[in-house]
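# Report on the structure
Below are the chains, spelled out letter by letter.
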Amino acid sequence: MSSNTNTISNPAINPKPAAFNQVRFLRNCFTGYVVLFFIYLAAPLIAAGAFAFNDSMFPALPWQGFTLDWFFSDTEPKLGMFHDRRLLSGLSISFWVAIIVAVMSIIVGTCNAFLFERMDFPFKSFCYIMMVIPLVIPGVILGISILVFASDIANGMEDNWGIDIESLRPGLLLVILGQFSFITTITTLVIAARLKKFDIQLEEAALNLGASRARILRTVTLPFLKPALIGAGVVGFLISFENFNTTLMLVGSDAPLTITMYDRMAKVGSTPVLNAVSFFLMIGSGLLALLSVVVQRDKN
Amino acid sequence: MNHAQKRLAFLLLFAPFFLWILLLIVLPHIGVFILSVKEKVGMGVYEYGLGNYIEFFNEPVYWNTLLRTAVMSIFVTIVTLIIGFPIAYYIAKIARQRAKAGLFLLCLIPLWVSDLVRSFGWIVLLRETGIVSSFLQYIGLVDGPVEFLYNDATVVVGLVYTVMLFMIVPLVTTLDGMDDSLIEAGFNLGGSRLTVLRRIIIPYAMPGIISGCIVVFMLTAGSYLTPILLGGKNSQWFTEQIYEQFITRFNWESGAAFGVLLLIFTSITVWIGLRLSGQTLSSTVAKT
């Protein structure tokens, strides 16, 4: 970003001295704007992370010195996140929910990708729109609609047959279904984009060499899709992990991390242990995102 | 593949899609709609009618909140577009190859942390005892602590931050596909910077702009955490009303009506946006 003169590649701009100075001035303004923008992007994250290391009861200035207590301390009042049972249980619930949602949405997303890239059928464009729609429904609405639908079924079962299905009441099953309902659209789009680039002649060649359909899928097509499958999985995992709106409406007694943190914030007020969790999450998701980039780049 | 095999393959691929959309999207939304036209007339006795909707329009607090959410969401969308477009242009057209990938990744980073962490960061920065307030006192610009939280401007700053990436990503994708020679041709034909921007770059980027605006608008109108945490208890955001009806007051019928209204309202806004710009949903949102 430092050597701006090199970035002028546009031959249409005449290098007349006065005009050139003006162009350079505009370029510098533009670069300055971009730098300011990235400061804006980074500021709240740095702020949220930094106070995890402040030796104070509040995530606020003044700076009281460096400490790791908010991660590792095992005594009140400075109970660190790794000794806070409720935060840890939220973390593990979020983790398992995210794994299940990611796997489910990869499987259905892969089917969808093949359906829309390889098949022709009546009402295809209508179905395609239906596939995209979950992405643009507000999360709270997805949450309440699934809540209402599940309760309708549960109530119907109870009234007509006297069967009480506990898992249709707010709880982890509904959280998983709610997140799955829109994350599948995202994984479908990621996988379909990769499938579009696949050269169908590779499959035909394999077919001519006598391979069966199942074998072609296993040895040719799926390996080609692998980076997209991993990428979609990481995206699905992270979106599930950070989801709040849909989860809020469907959560039961086992609360995922975002809900636990929100409760803590609303009831106790913010303490630096929440900064510690934030820092932990940032590092974790940063590493995952990096992993997916590396995987996708290698195979391209 | 023979005909029967093809049919089987189709059915096997269609079944998951169909079950997903039917059981998790279509039926639940029909369920919410039916619930929204139910009125409680006595203990466990219900009647169909528009009572919940009439109640909504009779109570100014409710429709004021929806209106407010709408206006703020449109405003946030416009601000996001204005701030994000130059950044996307810089990444797609001006930055050199290596810087490009790096900057693009930097843009994605806030996407990976939750709304909660982001809002939390803004709270640490902007509250009375926060960093900005302390800094202003330190350099002597203000005498006492300043509270930046709990007003509309802060809510806009936080919302723009939360949704910025969903604007930049589609913009970079479309601008990336644009041939630089189109811009050069515009300059060669004597166009000024403004003319080239208005007549060449913006029309070319239109699918990206619309796609970004739709997603950003929907996310903003449907957001819950940012307005509450940064706007305080009186943020008056419509999703908060829905939550209150459902969870706090356990009045599902009127909560369902609110949900339907939010959905109708956002859909109409998106439809108008698509109409005005001559785009379609599948040509914009699904592309990115």
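Computed from a prediction, not measured in an experiment: that's the story for all the values here. Starting from 1, residues in each chain are numbered consecutively following that chain's sequence as written. Each chain is given a letter, starting from A, and each ligand a number, starting from 1, according to the order in which they appear as written. Note on the predicted model: pLDDT of at least 70 is required for a residue's local features to be given, and 80 or more for side-chain atom pairs to be given and counted; whole-chain, interface and lining totals, by contrast, use all residues. Side-chain numbers here rest on the full set of heavy atoms in the structure, without hydrogens or water.

Here we come to the pattern of salt bridges. Here a salt bridge means any side-chain nitrogen of Lys or Arg lying within 4 Å of a carboxyl oxygen belonging to Asp or Glu. The final tally for this structure, using the stated rule, is 8 salt bridges over all chains. Residue A:Glu242 is joined to B:Arg118 by a salt bridge in which the shortest nitrogen-to-oxygen separation is 3.5 Å. Linking A:Glu242 in helix H8 (residues 213-242) with B:Arg118 in helix H5 (residues 115-126), this pair reaches from one chain into another. Taken individually, A:Glu242 and B:Arg118 each receive the classification buried, so the pair is uniform in this respect. Here B:Asp176 and B:Lys100 are joined by a salt bridge, their closest N and O atoms 3.5 Å apart. Placement of B:Asp176 in helix H7 (residues 152-176) and of B:Lys100 in helix H4 (residues 97-108) is noted, with a sequence separation of 76 residues between them. For B:Asp176, a relative accessible area of 41% corresponds to the partly exposed category. Relative accessible area serves as the criterion here: at 16%, B:Lys100 is assigned to the buried category. Secondary structure elements follow DSSP: runs of H or I no shorter than four residues count as helices, runs of E no shorter than two count as strands, and numbering proceeds from the N terminus. Here the term buried applies to any residue with accessible area under 20% of the maximum for its type, exposed to any over 50%, and partly exposed to those in between, with areas from a 1.4 Å probe on protein chains only.

Right, let's talk about the interface of chain B and chain A for a bit. Opposite the 83 residues of chain B that make contact, chain A presents 84 residues. In protein, a polar contact requires one atom able to donate a hydrogen and another able to accept it; more generally it is a pair of N or O atoms within 3.5 Å, and residues adjacent in sequence count only if both atoms are side-chain atoms. At the surface where chain B touches chain A, the tally comes to 7 residue pairs in polar contact (both at pLDDT 80 or more). Among the elements that make up the side of chain B that touches chain A, the one with the highest residue count is helix H1 (residues 3-36) of chain B (18 residues). Throughout this entry, Asp, Glu, Lys and Arg are counted as charged residues, while Ala, Val, Leu, Ile, Met, Phe, Trp, Tyr, Cys and Pro are counted as nonpolar. The remaining residues, Gly among them, count as polar. In terms of residue class, the side of chain B that touches chain A is made up of 63 nonpolar, 14 polar and 6 charged. The contact rule is simple, with two residues in contact once any of their heavy atoms fall within 4.5 Å.

The subject of this paragraph is the packing of aromatic side chains. Pairs were defined over the aromatic rings of Phe, Tyr and Trp, the Trp ring being its six-membered one, requiring ring centres within 6.5 Å. Orientation was assigned from the angle between planes: stacked under 30 degrees, edge-to-face over 60, tilted for the rest. Inspection of the entire model under this criterion finds 31 aromatic pairs over all chains. Geometrically, the ring pair formed by A:Phe37 and A:Phe38 is edge-to-face, given 5.4 Å between the ring centres and 80° between the ring planes. In terms of burial, A:Phe37 and A:Phe38 fall into one category: buried. Ring centres of A:Tyr40 and B:Tyr161 lie 5.5 Å apart, and the angle between their planes is 85°; on these two criteria the pair is classed as edge-to-face. On the criterion of chain membership, the pair formed by A:Tyr40 in helix H1 (residues 17-50) and B:Tyr161 in helix H7 is interchain, its members lying in two chains. Here the aromatic residues A:Phe116, A:Phe121, A:Tyr128, B:Phe10, B:Phe14, B:Phe17, B:Phe18 and B:Trp20 are joined through ring pairs into a cluster of three or more. The residue whose ring lies beneath A:Arg194 is A:Phe224, and the NZ or CZ to ring-centre distance is 4.1 Å. Put simply, a charge is over a ring when the Lys NZ or the Arg CZ is close to the ring centre, within 6 Å, and near the line of the ring normal, within 35 degrees.

Take the environment of A:Ala98 next. All names here are of chain A. Position of Ala98 among the secondary structure elements: in helix H3 (residues 85-118). Judged by its relative accessible area of 0%, Ala98 is buried. Between the C-alpha atoms of Ala98 and Tyr33, which are 65 residues apart in sequence, the distance is 37 Å. Contacts of Ala98, omitting those with residues within four sequence positions, involve Phe237, Ser240 and Phe241.

What follows concerns the nonpolar core. The tendency in soluble globular proteins is for nonpolar side chains to be buried side by side. B:Phe17 and B:Ile242 are the most contacted members of the largest nonpolar core, which has 163 residues in total. Top contributing element to this core by residue count: H3(A), with 14 residues. If we ignore the near neighbours within four places in the chain, the residues touching B:Ile242 are A:Val140, A:Ile141, A:Ile144, B:Gly255, B:Phe258, B:Gly259 and B:Leu262. Residues grouped as a nonpolar core are buried Ala, Val, Leu, Ile, Met, Phe, Trp, Tyr and Cys residues, joined through side-chain atoms within 4.5 Å. Residues A:Val136, B:Phe217, B:Val270 and B:Leu274 belong to the second largest nonpolar core, which totals 7 residues.

A few words on the packing of helix H9 (residues 193-221) of chain B against helix H12 (residues 252-277) of chain B. Residues and elements named next belong to chain B. At a minimum axis separation of 11 Å, H9 and H12 run at an interaxial angle of 165°. Accordingly, the angle class assigned to the pair H9 and H12 is roughly antiparallel. The crossing of H9 and H12 is right-handed. Touching Met206, Ile210, Ile214, Phe217, Met218 and Ala221 of H9 are Leu262, Phe265, Thr266, Thr269, Val270, Leu274 and Ser277, all from H12. Looking at the contact of H9 with H12, its residues break down into 10 nonpolar, 3 polar and no charged. Only C-alpha atoms enter the line fits that serve as axes; for helices the fit covers just the stretch in contact. Angles between N-to-C directions range over 0 to 180 degrees. These descriptions rest on fixed angle ranges, namely under 35 degrees for roughly parallel, over 145 for roughly antiparallel, 65 to 115 for roughly perpendicular, and the rest for oblique. In this scheme the crossing of two helices becomes right-handed for a clockwise turn of the near helix relative to the far one and left-handed for an anticlockwise turn of less than a right angle.

Residues and elements named next belong to chain B. Assignment of secondary structure puts Ser36 in helix H1. Residue classification places Ser36 among the buried positions, given a relative accessible area of 0%. Reaching out from Ser36, the side chain makes a polar contact with the side chain of Tyr53 at a distance of 2.6 Å. Apart from residues no more than four positions distant in its own chain, Ser36 is found in contact with Asn52, Tyr53, Glu253, Ala256, Ala257 and Val260.

Residue-level confidence of the predictor is what pLDDT reports, using numbers from 0 through 100. Per-residue pLDDT for chain A has a mean of 82; in total, 90% of the residues score no lower than 70. Every residue in residues 1-9 of chain A is under pLDDT 50, and counting partners more than four places away or in other chains gives 14 contacts.

Turning our eyes to something else, we now look at the packing of helix H5 (residues 139-161) of chain A against H12(B). The contact between H5(A) and H12(B) brings their axes to 10 Å, and the two run at 140°. By the angle between their axes, H5(A) is oblique relative to H12(B). The two elements H5(A) and H12(B) cross, and the hand of that crossing is left-handed. Judged by residue contacts, A:Ile141, A:Ile144, A:Leu147, A:Val148 and A:Ser151 of H5(A) engage B:Trp252, B:Gly255, B:Gly259, B:Leu262 and B:Leu263 from H12(B). Grouping the constituent residues of the contact of H5(A) with H12(B) by class yields 7 nonpolar, 3 polar and no charged.

All right, on to unusual backbone geometry then. Within the chain, A:Phe123 stands out as a residue other than glycine whose phi angle is a positive 60°. At B:Phe250, a residue that is not glycine, the phi angle is positive and equals roughly 55°. The topology assignment puts B:Phe250 in the loop between helix H11 (238-248) and H12.

As a further point, take the side chain of B:Ser254. Relative to the helices and strands, B:Ser254 resides in helix H12. If near-sequence neighbours (up to four positions away) are discounted, B:Ser254 is found in contact with B:Asn52, B:Glu55 and B:Gln245.

The subject of this paragraph is the environment of B:Val196. Residues and elements named next belong to chain B. Secondary-structure assignment places Val196 in helix H9. Spatially, the C-alpha atoms of Val196 and Ala185 are 9.3 Å apart, while their sequence positions differ by 11 residues. Setting aside its immediate chain neighbours within four residues, Val196 contacts Ile183, Gly186, Phe187, Gly191 and Ile201.

This paragraph deals with the pairing of strand S1 (residues 38-42) of chain B. Residues and elements named next belong to chain B. Both S1 and strand S2 (residues 45-48) contribute to a ladder of 4 bridges, which runs antiparallel. From the neighbouring strand, Lys40 faces S2, where its bridge partner is Tyr46. In this structure, the hairpin formed by S1 and S2 is closed by a connection of 2 residues, where Gly44 is found at a positive phi of approximately 65°. In this description, strands pair whenever DSSP reports at least two bridges between them.

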